[in-house]
Amino acid sequence: MQDRHPAALGLRPGTGPSAASLKYDILTALLVTAAQGDPVDARLALRLSLLITARYNWQRGTFAVGRREMARLWGVSERTVKRELAQLRSRGWVGVQVPAGRGRVTQYWIDLAALCQATMPHWDAVGPDFAARMVGAPEPAALPETNVVPLHPPRAAASATPCASDNAWTRAQERLAQQDPSVYNAWFACLTVREAGQGDAMHLTAPSRFHADYVRTHFRTRLLAALAPEDPTIRDVRVAAEEP
């Protein structure tokens, strides 16, 4: 039941049986961010998508493009290219693999983990099937078409977990319960939000040390992906055992 998220697995494009679908999923995540992200992230995501489509070597996981060629692709000046590359690097989206040398342009690599974390808040806009696939959860089953209106509509599974307020974790629980009810009931339903939170991390409490260790090891990325659409400022999830 381990996370199948590309960032969690450390996958590189061009390797493994899921390489083909991974290419399209990474581009989809970038492009939906280009459509819905804040202006700076949207612009960077669009430009990186163009570089990936035009020049990325999926086998090696790198691209080698000079500033002059980037300027031509993006329709900007070389000075703008320098500034945009600095922003891509500061976000951790790309890094230098081989510096430029005589007769050789800089070779860059792409950090899939950083891209996945940056685009998480927008995955739901593509659809619940895409968001579930990105974290390795079963895709939500399609409801059969019917004209019958139920007398008592079913309540979300997450409502079984008491919560003081309708916060980001409550809504994330609903998403997790819909993705994978069995995993939700076994590992997520009993998690609670600790009152003390620091910085950009969500602090959760588990009923035992084993439970906390297992969730941290196997489901941290899935929790983060469920929380990101509710509160994009959350960049980490920390799970600790309940204090005796």
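Before reading further, recall that the structure is shown in the block above.
Quick summary incoming for the structure in this document. (Residues numbered from 1 in each chain as written. Predicted model: local features only at pLDDT ≥ 70, side-chain atom pairs only at ≥ 80, totals over all residues. Heavy atoms only, no water.)

1. Section: the overall build of the protein
Thought 1: Each helix and strand counted, the protein has 11 helices and 6 strands in total.
Thought 2: Split into buried and exposed, the 244 residues of the protein put 43% on the buried side.
Thought 3: Partitioning the contacts of the protein with sequence separation of at least 6, the portion at a separation of at least 24 is 59%.
Thought 4: Accessible surface computed for the protein: about 13,600 Å², of which carbon and sulfur atoms make up 52%. (Helix = DSSP H or I, 4+ residues; strand = E, 2+ residues; numbered from the N terminus. Buried < 20%, exposed > 50% of the residue type's maximum accessible area, 1.4 Å probe, protein only. Contact = heavy atoms within 4.5 Å. Areas by Shrake-Rupley, 256 points an atom, 1.4 Å probe, with all protein chains shown as cover.)

2. Regarding the side chain of Asp41
Thought 1: Following the sequence through the fold, Asp41 ends up in helix α3 (residues 39-55).
Thought 2: Note on Asp41: relative accessible area 17%, which makes it buried.
Thought 3: Apart from the residues within four sequence positions on either side, Asp41 is in contact with Thr33, Arg91 and Trp93.

3. Comments concerning empty space enclosed by the protein
Thought 1: The full count for this structure, using the stated rule, is 1 cavity of 30 Å³ or more.
Thought 2: When its volume is computed, the largest cavity comes out at roughly 30 Å³.
Thought 3: Contributing to the lining of the largest cavity are Trp123, Asp124, Ala131, Val135, Arg175, Gln179, Ala225, Ala226 and Pro229.
Thought 4: Those elements that provide at least two residues to the lining of the largest cavity are α7 (123-126), α8 (128-135), α9 (168-179) and α11 (209-227).
Thought 5: A per-class count over the lining of the largest cavity returns 6 nonpolar, 1 polar and 2 charged. (1 Å grid on protein atoms, 1.4 Å probe; cavity = no way out; pocket = protein on both sides within 12 Å on 5 of 7 lines; lining within 4 Å. Points joined across faces, edges and corners; volume = space filled by probe spheres on them. Nonpolar A, V, L, I, M, F, W, Y, C, P; charged D, E, K, R; others polar.)

4. Describing α8
Thought 1: Within α8, the full set of buried residues consists of Phe130, Ala131, Ala132, Met134 and Val135.
Thought 2: Once α8 finishes, Gly136 follows within two positions and takes phi at roughly 80°, a positive value.

5. With respect to a positive patch on the surface
Thought 1: On the surface, Arg67, Arg79, Lys82 and Arg83 cluster together to form a positively charged patch.
Thought 2: Take Lys82: it is sitting in helix α5 (residues 78-90). (Patch = residues over 30% accessible without salt bridge, like charges linked within 9 Å, V, L, I, M, F, W, Y side chains within 5 Å. Salt bridge = Lys/Arg side-chain N within 4 Å of Asp/Glu carboxyl O. Lys, Arg positive; Asp, Glu negative; His and termini not counted. Charge placed at Lys NZ, Arg CZ, Asp CG, Glu CD.)

6. Section: the packing of aromatic side chains
One pair of aromatic rings is described through two measures. These are the centre distance and the angle between the planes.
Thought 1: Within the structure shown, the criterion is met by 9 aromatic pairs.
Thought 2: Between Trp187 and Tyr214 the ring centres are 4.2 Å apart and the planes differ by 15°, which places this aromatic pair in the stacked class. With a gap of 27 residues between them, Trp187 in helix α10 (residues 181-188) and Tyr214 in helix α11 connect regions that are remote in the sequence.
Thought 3: Judged by its relative accessible area of 19%, Tyr214 is buried. (Phe/Tyr/Trp six-rings, centres within 6.5 Å; stacked < 30°, edge-to-face > 60°.)

7. Here we look at the sheet that holds strand β6 (residues 236-241)
Thought 1: Strand order in the open sheet formed by 3 strands is β4-β5-β6, and the pairing between neighbours is mixed. In this open sheet, the two edge strands, each paired with only one partner strand, are β4 (192-193) and β6.
Thought 2: Against the sheet, α11 makes contact with β5 (201-206) and β6, and its axis sits at roughly 160° relative to β6, the strand it touches most. (Pairing = 2+ DSSP bridges. Axes fitted to C-alpha atoms, helices over the stretch in contact; angles between N-to-C directions.)

8. Some thoughts on the pattern of salt bridges
Thought 1: Applying the stated rule across the entire model yields 13 salt bridges.
Thought 2: Between Glu84 and Arg43 there is a salt bridge; the shortest N-O distance is 2.6 Å. In this pair, Glu84 is assigned in helix α5 and Arg43 in helix α3, connecting sequence segments 41 residues apart.
Thought 3: Taking relative accessible area as the criterion, Glu84 reaches 1% and is therefore assigned buried.
Thought 4: Given the relative accessible area of 30%, Arg43 is considered partly exposed.
Thought 5: Residue Arg175 pairs with Glu230 through a salt bridge whose shortest N-O separation is 2.8 Å. Of this pair, Arg175 sits in helix α9 while Glu230 sits in the loop between α11 and β6; the two residues are 55 residues apart in sequence, bridging distant segments of the chain.

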